[in-house]
Amino acid sequence: MAEQAVELRCQRIGCNATFTEDDNPEGSCCFHDSPIFHDGMKEWSCCKKRSHDFSLFLEIPGCKTGKHTTEKPVLNKPAATKTLRTPTPVATLSASATSKESCPRCFQGFFCSDHGSQPKAQNPRPVAPANSSADVKESSPLKKIVDINHPQTCKNKGCGKVFKEIDNHETACSYHPGPAVFHDRVRGWKCCDMYVKEFDEFMTIPTMQEGMA
């Protein structure tokens, strides 16, 4: 019987996929170069995409392709550049407001550097008619149908592993319950009170809590 190929974990930043030596074609890995942290902003030095929220920052798809590797990348330390904000013309306000409505970060309630300074639209609240509470029935939320055998990526901070719902249980995931902290070139997790200076060391800080993926 042929031996089963050993699955390896890709060490490129932004990939985190599993692969085997026999199944590792060129272009199968999507990754980023080194990150830049400055004044609470997280930015990828390769594609200049940025976010204030660390979870959304890690979800930005890789802009470079290549082969998977088990070697940890050598992180460059590019100097953070200050960007000058130009005032937005009044004539483009309607276009900016439209793009804000279609922006997934703004839709989920996260701070967005592209639309954070735009005024929020004032949506008038509908006035409920008097004595109508007995007649109004609350609509039940739509339930999302999940295939228990479909691979999906865990969204818990510090995990990011691929799992199947059929294998999910109370101790399947090991993650950080607290927020990530970036201050004065120090990175760490508030929940376990551990801080390091290098980004690759930050990504390998041991998690402290178990739960469902």
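The rules behind the values
Residues numbered from 1 in each chain as written. Predicted model: local features only at pLDDT ≥ 70, side-chain atom pairs only at ≥ 80, totals over all residues. Heavy atoms only, no water. Helix = DSSP H or I, 4+ residues; strand = E, 2+ residues; numbered from the N terminus. Buried < 20%, exposed > 50% of the residue type's maximum accessible area, 1.4 Å probe, protein only. Lys, Arg positive; Asp, Glu negative; His and termini not counted. Salt bridge = Lys/Arg side-chain N within 4 Å of Asp/Glu carboxyl O. Polar contact = N/O pair within 3.5 Å; in protein donor to acceptor, adjacent residues only side chain to side chain. Contact = heavy atoms within 4.5 Å. Pairing = 2+ DSSP bridges. Phe/Tyr/Trp six-rings, centres within 6.5 Å; stacked < 30°, edge-to-face > 60°. Lys NZ or Arg CZ within 6 Å of the ring centre and 35° of its normal.

By the naming in an unreviewed UniProt entry, the protein goes by Cysteine and histidine-rich domain-containing protein RAR1 and is assigned to Hibiscus syriacus.

Q: Can you lay out the side chain of Arg187 for me, pointing to particular residues and giving the numbers?
A: Looking at where Arg187 falls in the secondary structure, it is placed in strand β12 (residues 186–189). One buried charged residue, Arg187, remains without a salt bridge, the closest side chain of opposite sign being Glu198 at 6.2 Å. At 2.4 Å, the side chain of Arg187 and the backbone oxygen of Lys197 are in polar contact. Discounting chain neighbours no more than four positions away, the residues touching Arg187 are Phe37, Val181, Phe182, Met194, Tyr195, Val196, Lys197, Glu198, Phe199 and Phe202.

Q: Could you give an account of the sheet that holds strand β5 (residues 41–44), naming the residues involved and the relevant values?
A: Pairing between the strands of a sheet comes from backbone hydrogen bonds, and it takes one of two forms, parallel or antiparallel. Strand order in the open sheet made by the three strands is β4-β5-β6, with antiparallel pairing throughout. Either end of the sheet is taken by a strand with one partner, and the two such strands are β4 (35–38) and β6 (50–51). Where β5 and β6 come together, two bridges link them in antiparallel fashion. Following the sheet pairing, Lys42 is matched in β6 by Ser51.

Q: Could you give an account of the packing of aromatic side chains, with specific residues and numbers?
A: This structure, assessed with the given rule, holds six aromatic pairs. With a centroid separation of 4.7 Å and 15° between ring planes, the pair formed by Phe37 and Phe182 is classed as stacked. Here the residue Phe37 occupies a position in strand β4, and Phe182 occupies one in strand β11 (residues 180–183), the gap between them amounting to 145 residues. Overall, the relative accessible area of 22% leaves Phe182 in the partly exposed class. The interplanar angle of 45° and the centroid separation of 5.1 Å between the aromatic rings of Phe54 and Phe182 together place this pair among those described as tilted. Placement of the pair is Phe54 in helix α1 (residues 54–58) and Phe182 in strand β11, with a sequence separation of 128 residues. Exposure remark for Phe54: the relative accessible area of 9% places this residue in the buried category. One aromatic cluster is present, formed by Phe37, Trp44, Phe54, Phe57, Phe182 and Trp189 through successive ring pairs. Stacked on the ring of Phe31, the Lys or Arg Arg12 has its end atom at 4.3 Å from the ring centre.

Q: Can you explain the environment of Phe31? Please cite residues and give values.
A: Tracing the sequence through the fold places Phe31 in strand β3 (residues 29–31). Of the residues examined, Phe31 reaches a relative accessible area of 10% and is grouped as buried. The spatial distance from the C-alpha of Phe31 to the C-alpha of Gly66 is 8.2 Å, given a sequence separation of 35 residues. Setting aside residues no more than four positions away along its own chain, Phe31 makes contact with Arg12, Ile13, Gly62, Cys63, Lys64, Thr65 and Gly66.

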